[in-house]
Amino acid sequence: MQSKIPIILQREYLNIVRKRSFWLATFLVPFGFVLIFGIQIVAALFVEEENYTVLINSGSNPMVAQKLMDTSSLKFKQSDDSVESLKTRVGRNEDLLLLILPSMEELSSPTPQVQLTGKGNISSPVQKDIREQISSAIETYRMEQAGLSKAQLESLQFKVEMKTSRFEDGQEKSTNTGMATIVGFVMGFLMYMLMAIFGSILMQGVIEEKSNRIVEVIVSSVKPFELLMGKTVALALVGITQMLLWGILSTLVMVVFSFFIVGAGVDPAVIAQSQQPGMTASPMATNEIFAAITTFNWNVLWFFPLFFIGGFFLFGSLFAAAGASVDNIQDAQQFTLPITIPLILPMLFLQNIIQNPNGVFATVASLVPFFSPMTMMVRLSLTDVPWYEVVISLLLLYGSFIGTVWIAGRIYRVGILMYGKKPTFAEIFRWIRYNS
Amino acid sequence: MDSILRLEEVVKQYDRHVAVDHVSLNIPRGKIFGLLGPNGAGKTSIIRMITGITFPDKGRILFDKEPLTESHARRMGYMPEERGLYKKMKIAEQITYLLALRGLPQAEAKKRTYAWLERLGLGAWAERNAADLSKGMQQKVQFIATVAHEPSLLILDEPFSGLDPVNARLIETEMFKLRENGTTIIFSTHRLEQVEEICDHIGLINKGKLQIDGDTAEVRRRFQRNLYRVEFAGDDSWFHQQTDLSIERLTGNLAEILLPQSENGKALLQRLAASPLDILKFELQMPRLSDIFITLVGESVQSIESKQKQTLPS
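Residues numbered from 1 in each chain as written. Chains lettered and ligands numbered in written order. Predicted model: local features only at pLDDT ≥ 70, side-chain atom pairs only at ≥ 80, totals over all residues.

Our focus in this paragraph is the overall build of chain B. The secondary structure content of chain B amounts to 10 helices and 14 strands. Across the 314 residues that make up chain B, the buried fraction comes to 38%. Considering only contacts within chain B whose residues lie at least 6 apart along the sequence, 70% involve residues at least 24 apart. (Helix = DSSP H or I, 4+ residues; strand = E, 2+ residues; numbered from the N terminus. Buried ≥ 20, exposed ≤ 12 C-beta atoms within 10 Å, placed from the backbone. Contact = placed C-beta atoms within 7 Å.)

Here we come to the overall build of chain A. If you tally the helices and strands in chain A, you get 18 helices and 8 strands. When each of the 436 residues of chain A is scored for burial, the buried share is 33%. Long-range pairs, those at least 24 residues apart, make up 72% of the contacts in chain A between residues at least 6 apart in sequence.

With that out of the way, let us pick up the environment of V391(A). Locating V391(A) in the fold gives a position in helix α17 (residues 387-415). Residues V391(A) and L367(A) lie 24 residues apart in sequence; the distance between their C-alpha atoms is 9.5 Å.

Here the focus is helix α13 (residues 329-348) of chain A. Quick reminder: α-helices carry 3.6 residues per turn. Residues three or four places apart thus point the same way. All names here are of chain A. Helix length check: α13, at 20 residues, gives a terminal C-alpha distance of 27 Å against a target of 28 Å (1.5 Å per residue), a fit within 8%. At T336, α13 shows its maximal bend, which comes to roughly 50°, and the proline P338 appears one to four places after that position. All of the buried residues along α13 are A332, F335, T336, I339, L343 and P346. (Expected span 1.5 Å × (residues − 1). Bend = angle between axes of the 7 residues up to and from the residue.)

What follows deals with the interface of chain A and chain B. Each partner contributes residues to the interface: chain A has 18 residues there, and chain B has 24 residues. Elements with a contribution of two residues or more to the side of chain A that touches chain B: α1 (5-17) and α8 (215-219) of chain A. Looking at the side of chain A that touches chain B residue by residue, the classes come out as 8 nonpolar, 6 polar and 4 charged. (Nonpolar A, V, L, I, M, F, W, Y, C, P; charged D, E, K, R; others polar.)

Moving on: the sheet that holds strand β9 (residues 201-206) of chain B. Residues and elements named next belong to chain B. Strand order in the open sheet made by the 6 strands is β6-β7-β8-β3-β9-β10, with mixed pairing throughout. Since the sheet does not close on itself, it has two edges, and those belong to β6 (76-79) and β10 (209-215), each with one partner. For this sheet, the mean angle separating the axes of adjacent strands, direction not counted, is 15°. In this structure, strand β3 (residues 32-36) lies alongside strand β8 (residues 184-189), joined through 5 bridges in parallel fashion. Among the inter-strand pairings, L35 is bridged to a residue of β8, identified as S188. Those strands touched by helix α5 (residues 165-180) are β3, β7 (153-157) and β8, and its axis lies near 150° from that of β8. (Pairing = 2+ DSSP bridges. Axes fitted to C-alpha atoms, helices over the stretch in contact; angles between N-to-C directions.)

Turning our attention to the environment of I201(A). All names here are of chain A. Structurally, I201 can be placed in helix α7 (residues 177-211). Residue classification places I201 among the buried positions, given that 20 C-beta atoms sit within 10 Å. Taking C-alpha positions, I201 is 9.4 Å from I16, a pair spaced 185 residues apart along the chain.

Before going further, it helps to examine the nonpolar core. Counting residues in each nonpolar core, the largest one holds 142 residues, and the members touching the most others are A320(A), M377(A), I95(B), I144(B) and I155(B). A per-element tally of this core places helix α12 (residues 303-324) of chain A first, with 14 residues. Excluding residues within four positions of it along the chain, I155(B) makes contact with I47(B), I50(B), T51(B), M76(B), G77(B), Y78(B) and I186(B). Among the nonpolar cores identified, the runner-up in size contains 17 residues, and V54(A), I56(A), L97(A) and L101(A) belong to it. (Core = buried A, V, L, I, M, F, W, Y, C linked by C-beta atoms within 7 Å.)

This paragraph deals with the packing of α12(A) against α13(A). Residues and elements named next belong to chain A. As a packed pair, α12 and α13 sit with axes 9 Å apart at the nearest point and diverge in direction by 165°. Our classification of the angle between α12 and α13 gives roughly antiparallel. As α12 packs across α13, the resulting crossing turns out to be right-handed. Residues F315, L318, F319, A322 and G323 of α12 form the contact with α13, whose participating residues are A332, F335, T336, I339 and L343. Here the residues of the contact of α12 with α13 sort into 8 nonpolar, 2 polar and no charged. (Parallel < 35°, antiparallel > 145°, perpendicular 65-115°, else oblique. Left-handed = near helix turned anticlockwise from the far one by under 90°.)

Now for the pairing of strand β2 (residues 52-57) of chain A. Residue and element names in this part refer to chain A. By the criterion of burial, β2 is predominantly enclosed, with 5 of the 6 residues buried. Judged from the 6 bridges that link them, β2 and strand β3 (residues 74-79) form a sheet pairing that is parallel. Bridging across to β3, Y52 finds its partner in L74. As judged from the 4 bridges shared by β2 and strand β4 (residues 96-100), these two strands associate in the parallel manner.

Per-residue confidence for chain B averages 87 on the pLDDT scale, and 95% of its residues sit at or above 70. Across the whole predicted complex the pTM is 0.75, and at the interface the ipTM reaches 0.82. (pLDDT = per-residue confidence, 0-100.)

Turning our attention to the sheet that holds strand β5 (residues 115-118) of chain A. Residues and elements named next belong to chain A. Taken together, the 4 strands give an open sheet; going across it, the order is β3-β2-β4-β5, and neighbouring strands pair in mixed fashion. For this open sheet the edge positions go to β3 and β5, each flanked by a neighbour on one side alone. Looking at each pair of strands side by side, their axes are set apart by 25° on average, direction ignored. Across 4 bridges, β4 lies against β5 in antiparallel orientation. Counterpart to L99 in the pairing with β5 is L116. The sheet strands contacting helix α4 (residues 83-92) are β2, β3, β4 and β5, and the helix crosses β4 at an angle near 150°.

Here the focus is unusual backbone geometry. Residue and element names in this part refer to chain B. You will see that E9, though not glycine, has its phi angle at about 45°, which is positive. Tracing the sequence through the fold places E9 in strand β1 (residues 3-14). Residue classification places E9 among the exposed residues on the basis of 12 C-beta atoms within 10 Å. One non-glycine residue with positive phi stands out, namely K207, at about 50°. For K207, the position within the fold is in the loop between β9 and β10.

Residues at a pLDDT of 70 or more form 84% of chain A, whose mean pLDDT is 81. In the predicted structure, residues 268-284 of chain A sits below a pLDDT of 50 and forms 25 contacts with residues beyond four places in sequence or in another chain.

Glancing now at the packing of α12(A) against α17(A). Residues and elements named next belong to chain A. Running from N to C, α12 and α17 cross one another at 20°; their axes reach a closest spacing of 8 Å. Here α17 runs roughly parallel to α12, going by the angle between their axes. Both α12 and α17 take part in a crossing whose hand is left-handed. Here L306, G310, G311, F313, L314, S317, L318, A320, A321 and A324 of α12 come into contact with α17, specifically with L394, L397, Y398, S400, F401, T404, V405, A408, I411, Y412 and G415. Its residues placed into classes, the contact of α12 with α17 shows 15 nonpolar, 6 polar and no charged.

This is the structure we're talking about:
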């Protein structure tokens, strides 16, 4: 007897793919992601400058005052006016700030006090800039007091620049942890969303067939397990279809987007200079983001469908069993809770895994079947996971879903024919042992 | 007897409740078989085993002398008591899908779907969603999905429940047509009065046990009490004078007279003919199926049903 799964699969697949919501999600999600990246790029590109003239009461502390250097946005100006009249000026003009420096005696205190006054709120980059300049001025002053020469002073000042890289196929490639973190988080979150959404679509489908009473006609033609498999596989294929479309769309949108931003062969800095006055570009940021996009190991994306299928079968079959046990969606809540908890749990330790993707915790979490779809994707994005760990993780995941699918199938075949009273957990466990 | 379906000592148990208790049945080919009994008697449990949805715990079911398998689904049609459709699926697609699941090739399923929709006057609705159809139309659609693959065995669980009189009539007519074409029909009902004229054969179920089965007329004959029914015109005082007759009922111009099993009606008819009464009608009263049920289980279907709560798996 030829299996009827393909007939069911076809109906279930078309049923979802024909829906408007499927196409809406398919188009909106990549645009959403590109939009998030795009906004970050644009934000990095156009940092609005704040220009201030910082008035310093000339009597306050000449030692520090003379060491303060003008920057592109800050101009320091000593004034002989009284503090009171300076305050009145600052109160009238938004472009003015008043800085009151610590007294000479205070310079040796562990916490020298500085007062900065403006008309409105002073943004934290400006505060930071001024604070750092004063700190460095006090530091230099203290070193001079300690008897260090200018040359000695300069030799003491340095800044470490770190570049990270990784080995891939014997070649060294530069990396960008920031990008990997973002991708890792997106992977984990997307995996969670897909498993939760597709799981609940499957459950709703089961409840629909049960509540509109078509299921009894269907299972008189096919085995309940065939119906369950047809529905589950169809949804898994819908998921794969959606991922493929996302891949294609994201690539397209990225290409178009980068074409607009970078222009054909034009340096980002050139575009930056052509912007309106008051806006200056930081071409470094753009370059870094594009470098990050190109250096990220996009091959890890191929693992996404593999873990999605495993995770979806694992959770989806349980969602289907929950759906088969009830007559309506309201009653389903009680039975979905124990499924949702292991589904959400990895979200709580995503942060830990991102911080230490090679730690014992991350390694264990990426092997446990219920957690591995999300946690392993995060690890794969961030670090080189040994191949055998990926294999073990997949084997455990696929092995467990065979188990849950079997149990779910047993519950499903009894549940779909039960109407009326909502069953208890004990009753559902008894169904597993029923003869069909 | 040539039977299309044979149940041999079939047992089905749910937890500690025995839903079907050693039931043996023969369903004669080309007849309409009524599976009767109160709600919760085990009718649906039997039907679910016949349709291959569940399997007997003990005993076996033979379809055309072969043990029942999934491959027989192609030759069966099943309309459950509680039935429905996908609300947001076009009805032509829906019927085609259900027929394809029965094993009909897609193209053939599609062809028959449209032919049947035309035949039952639903041609214009083929591309509409089920939700757009009236309840009566949906019932027709369900019926098409049950019969369009021309099954040799049709199983209808409470086919008349929830039907308006027009559609009930339509289904009844279609059932007779199908029987003429050689289809065997099993249908279950708890409303015994519905089936006396429709069913060639009956099986009476109570508490999971088969109480009686056989040819409908034969069963009724077996339970007839030798009660004669007389319709007359004239003064009923003549009956009061016949002290040797056991008169069970005398109202207006109707009398019911019970004769000893050894006698037939001939002597009584002669006495009536000699009386001053005008005899309008004289007949041997055949028992109603509901009376037979009471005789067998000592309770009426209604009283059993009112006692039962729907806690049993149906």
